[in-house]
Amino acid sequence: MSSMLLHVLWCLLLMASPSLAQDGSPLGVPQQVGLEKDLDAQALLVTWQCDRESFFDIEIYRTEFMEVIFNETVELSSGKRSGVCHWNWTSVVPLECTSHSIRVRSRSQDQLRTSGWSDFQTTEGKDMPENTDAQMYPQDKVVLVGSSTTFCCILGEGEVLEEIRYRSRVMTPTRVSRRSYIVTQTLQPPSNSSGTNVLCLAHNVSKLANGAAIFVGYPPDDEGLICESQDLVSAVCQWKEGRPTRLLGRRGTRFTLNGRSCRPPKGSRRCSWEQWEGNWTLTAKNPLGIKEIRDSAPLSQRVYPVAPGNVKIPVRNARNATLQWSWRYPSYEAFPLTCQVNLASNGDAVTLNYSGAGLSLVLLENLWPYETYGVRVRCGAQIHFWRWGEWSKEITFQTQMDRPETPDMWIRMDSQDSGQVLWKPLHKRDSHGTLVRYEVRQGSTSEEGEQSVDVPASQNSSPLRLQSGNNGSSSETLVSLLAHNAEWASEPTQLTVPKFWPDVDVTGSEISSREGGFDVSWLASGNASYGYVVEWFDTACGQQCTVDWRKVPEGTTSARIESGDLESGMRYTISVYGLSDEGPQLLDRRHGYIEEMVPAEPVGSLEASQYESSVSLSWQEAPLRSQRGFVRGYNIYLANVSQYTLLANITDPSVRNYTIRKLGLGTYKFTVRAFTAAGEDGGSTVSIKLEPYSDLLLFEMLISLAAMSGFLILVTALCYRKRQWVKKAFYPEIPEPKLAGDWGSSQATLDVKPSPVHSVVQIVKNPQWDSSKEGLVTLSEEDEEDSASNSGSDTDSDEPGLLRYYNQVVGDRDSGGQGGVLRLPADSSSSSVGSADTDVTYTGIQTSPCTLEPPTLAPTQAEGPVAGVNGGGYRPQASAPQQQQQQQQQHQPPQQLELQGGRVDAGEPNVGAPSAASFGGYKPQCTWRPDSPDEGNGFDVGSVGSPTSVNSSQFLIPDVSEDDSRNAGSSSSTATTSWIPSFLSSKP
């Protein structure tokens, strides 16, 4: 009971103690404060005696400047037995940088009351006066990438800081003591293998700069541990390095495998173990961290075979060989294996698979003859296959020679009896040995015997000429081709010589290209028992063409032509032949371009010629090689100074001429451009100057001459048909003279003398017009007689009667209403009179084709109306019908004109006389047409009478009718139109 009471009292006492303290009892100052430092951890370790207080205030100072760097209240509990409190503080600034001091005090539970401070406890730094050398901290520290690090530079005694550099970057320092300065680098990047250098430079130091190195990296990150066996007993474990730690040497990663140290070879992650254990643990450790990776598997599932050894080829021939190898470990002899054999030749490789227990021998089949191969082998577990083992060393070998492949042959005929035997050269793999030559045999299908020609292996063609015995029939000739290598000859390839098919015999249609080639299709032929051949070559190559072809099996009617030799802008001729026993037969022919281009050359021989106002252009197409596409037509341009004007677009390429019409005179330039699907060529230009077209004028002149000639021929024909009328109208017959007496007997020569009764014409020597005389006047008979006696003519009475004739002027009306004789002045009376003495009696005088038009006599005075007379001089046979008729009725001699030597004087006013040149003397047989009377003067003068015989009053030539004489002066065409109906009549 007493013990229980004591226990209760003790509990009450304990509960009352805090309340008493809170009530105002003083707090005790921490006693026995101790201070230690851990430079590796950069930490301060503080201890003191503590009873029951759990809150303490702690202050840390940098001793030299007494700068507070830490001031906090911490809650601590003392050890139950020792009564000592422990507290650690890690410094971001290296503790070597300067001295640090610390003090502690207690704080009540309510945080209101505190005790006094303990005494300062100090730990010295490396900047103490006794350490006079310059220093840099931390040294060779390893930190994580991206962390922050504070560096401290302690200058030597008497030194002055210049700068602190982190790598090449200058840092901003902070002074923490008389000789110490600090800088902080945040987010540090990975360092290189030698670390990152931090340098501290002083002004007055000629020695090397003080500095430190820091290593910034990562903790280990290895992964992928795999353990396997190669000899079916031991184990080999491998893993992958993850992210590089960037830490090397003594700071690098250390490995242990299943608790045992593992040192992998340099540059690898691999460790070996003598015995397979099944479960594996790998530990990787460096200054920044530790990582563990694990693996587990039975041995049979982790077999990784070693590489086969002693690989060789014991047996080889043309198309197969034996491959053999050996194993390093005896345990492989019974272990089920699968192996791969890799064969490589001419850049091509093939892999062959083989399986078996302890496999070490295989047969290589389907090899190329005379081919060099490289071979190697690797194996793996057949059951629970893990992965392929290592490859063996590669060995090489060569197979034996064999018969060459049959060469691909084709025949192209250049004419009916000549051509080329073509073949594709055998590839080295097809020749099955070193090719030495080709043999071309030519023979007839109906005759025995062949001709053989050897061709070097470097050639792939041979000329072909048909024998004359074939009579030009190429279907009877058979050509064979053989290839020879050093040991064997190929099987012959045979082909009957095809018929010659020139381009002109076959119309080739166009074919379009697609994706750099031609898709050719054709209709199936029942005669193509051996298939088809598609042939193509450059159309513009001429006789020596590079021909390519492709054989198509029977039943296939399409082919794709692709080749690296096909060029853009080049026309190709593509032909399809059917193969049969009768020889190749042409089935189809096409022309095409891989890609059409603009013509390389313009049209040729461009000429321009003028025809009237038109210009005709003509040209020739460009050479086929230069067309570089199908010419779709031509564009005609008028080439101006600054532009081209399109005149015509010719879409028919066969048309190579054009005419431009209705052009004016001047100079023109015309350009002709051929165009393909790709565009126009550069164009060919011609210039022409249009001149006045003289050919047309000459042509018109020729037409006019032809028309005139035709007209003249027509007139001549009509005149010939109307010759009787023409003769009668223009050349009438002169009637025979009718004379009295007997003219039948011979008589003496007729002596014609002047008649005593004749007209006398007075000759006026001065041909001036007399102003007192106005015209011709009549003379009385007495005057005539006087004139006759003064004329001086021979009038001997004993001469027989003379025949005389005179010009008679017969008028419709005379002056004063009576017929009278007009008095005409004349220049030559003697000639006129002399001409009256003649031995010829005129019975009819034909008119002369000439017409004399003398000047008209102009009246000078107005005393009596006298008309001028146009007809002057002697005018025989001038008709005056009316006057002649009156004379015949009255039986009177015709009136006479008296020619006198001076003036014309008949008791009337004189008239001025014309000159002698006006009449011209004696003018026989000249047609005389009297002028119309001058109605203005009121005097009408009739026609001059026709010559009459002195013995007869009959006129020799009929006179013009009164009406015709009246209308003659007004319209000469009226008198001439009367003969037109007669001329056009059907009578001759």
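The structure under discussion appears in the preceding block.
The present account deals with the structure reproduced in this document. (Residues numbered from 1 in each chain as written. Predicted model: local features only at pLDDT ≥ 70, side-chain atom pairs only at ≥ 80, totals over all residues. Heavy atoms only, no water.)

**Regarding the sheet that holds strand E32 (residues 418–423)**
Formally: Note on pairing: two strands pair once DSSP finds at least 2 bridges between them. Segments assigned H or I by DSSP are reported as helices when at least four residues long, segments assigned E as strands when at least two residues long, and all are numbered from the N terminus. For helices, the fitted line uses only the C-alpha atoms of the stretch in contact; every axis is such a line through C-alpha atoms, and the angle between N-to-C directions lies from 0 to 180 degrees.
Strand order across the open sheet formed by three strands is E31-E32-E35, with antiparallel pairing between neighbours. The sheet is open, and its two borders are formed by strand E31 (409–413) and strand E35 (461–465), each paired with just one other strand. With direction set aside, neighbouring strand axes in the sheet form an average angle of 25 degrees. Relative to E35, E32 runs antiparallel, the two being bridged by five bridges. Among the inter-strand pairings, Gln420 is bridged to a residue of E35, identified as Pro463.

**A word on the nonpolar core**
For soluble globular proteins, the rule of thumb is that nonpolar side chains tend to be buried together. Put simply, the test is: For this analysis, a nonpolar core means a set of buried residues of the types Ala, Val, Leu, Ile, Met, Phe, Trp, Tyr and Cys, connected via side-chain atoms within 4.5 Å. In this scheme, a residue with accessible area under 20% of its type's maximum is buried, one over 50% is exposed, and one in between is partly exposed, where area comes from a 1.4 Å probe on protein chains only. Residue contacts are counted whenever heavy atoms from the two residues lie within 4.5 Å of one another.
The biggest cluster of nonpolar side chains holds 28 residues, and the ones touching the most others in it are Ile411, Trp423, Tyr438 and Val479. The set of elements that each furnish at least two residues to this core consists of E31, E32, strand E33 (435–444), strand E36 (477–485) and strand E41 (532–538). Apart from residues lying up to four places away in sequence, Trp423 is in contact with Asp408, Met409, Tyr438, Val440, Val455, Gln459, Asn460, Ser461, Ser462, Leu481 and Trp549. Listed in part, the 26 residues of the second largest apolar core include Val306, Leu337, Leu359 and Val377.

**Quick look at the packing of aromatic side chains**
Filter applied, for reference: Ring pairs are drawn from Phe, Tyr and Trp, using the six-membered ring of Trp, whenever the two centres fall within 6.5 Å, and their geometry is named by plane angle: stacked under 30 degrees, edge-to-face over 60, tilted for the rest. Distance and angle both matter: a charge sits over a ring if NZ of Lys or CZ of Arg is within 6 Å of the ring centre and within 35 degrees of the ring normal.
Inspection of the entire model under this criterion finds 18 aromatic pairs. Note on Phe70 and Trp87: the rings are 5.3 Å apart at their centroids and 35 degrees apart in plane angle, and the pair reads as tilted. Of the two residues, Phe70 is situated in strand E4 (residues 67–75) and Trp87 in strand E5 (residues 84–90); the sequence distance between them amounts to 17 residues. Grouping residues by exposure puts Phe70 and Trp87 together as buried. Each ring, one from Phe151 and one from Tyr166, has its centre 5.9 Å from the other, and the planes form 50 degrees; the classification is tilted. Taken together, the residues Phe151 in strand E10 (residues 149–154) and Tyr166 in strand E11 (residues 161–166) connect sequence positions 15 residues apart. Each of the two residues, Phe151 as well as Tyr166, counts as buried. The structure contains a cluster of three or more aromatic residues connected by ring pairs, namely Phe70, Trp87 and Trp89. A cation over a ring is seen here: Arg103 above Trp117, with NZ or CZ 4.3 Å from the ring centre.

**Notes on unusual backbone geometry**
The residue after Tyr137, namely Pro138, is reached through a cis peptide bond having omega 0 degrees. Within the secondary structure, Pro138 is located in the loop between strand E8 (135–137) and strand E9 (141–144). Its identity as a non-glycine residue notwithstanding, Arg628 has a phi of 55 degrees, on the positive side. Examined against the element boundaries, Arg628 turns out to sit in the loop between helix H3 (624–627) and strand E48 (633–639). Despite not being glycine, Lys662 has its phi angle at roughly 55 degrees, a positive value. Mapped onto the fold, Lys662 is located in the loop between strand E50 (657–660) and strand E51 (666–676).

**Looking at the sheet that holds strand E25 (residues 321–326)**
Spatially, the three strands line up as an open sheet ordered E24-E25-E28, and their pairing is antiparallel. Each of the sheet's edge strands pairs with one partner strand only, and the pair in question is strand E24 (309–316) and strand E28 (361–364). Here the average twist between neighbouring strands, direction ignored, is 20 degrees. As paired elements, E25 and E28 share four bridges and run antiparallel to each other. Looking at the pairing, Thr322 lines up with Leu363 of E28.

**A few points about the state of the cysteines**
Short version of the rule: A pair of cysteine sulfur atoms is labelled a disulfide when the two atoms are within 2.5 Å.
Enumeration according to the criterion identifies seven disulfides in this entry. Across a sulfur-sulfur distance of 1.9 Å, Cys50 and Cys85 are joined as a disulfide pair. Judged by the torsion about the S-S bond (100 degrees), the Cys50/Cys85 disulfide is right-handed. Taken together, the positions of Cys50 in the loop between strand E2 (43–49) and strand E3 (55–62) and Cys85 in strand E5 put the pair 35 residues apart, joining distant regions of the chain. In this pair, the class of Cys50 matches that of Cys85, namely buried. The disulfide bridge from Cys541 ends at Cys545, spanning 1.5 Å between sulfur atoms. Judged by the torsion about the S-S bond (75 degrees), the Cys541/Cys545 disulfide is right-handed. Under the relative-accessibility criterion, Cys545 is labelled buried at 16%.

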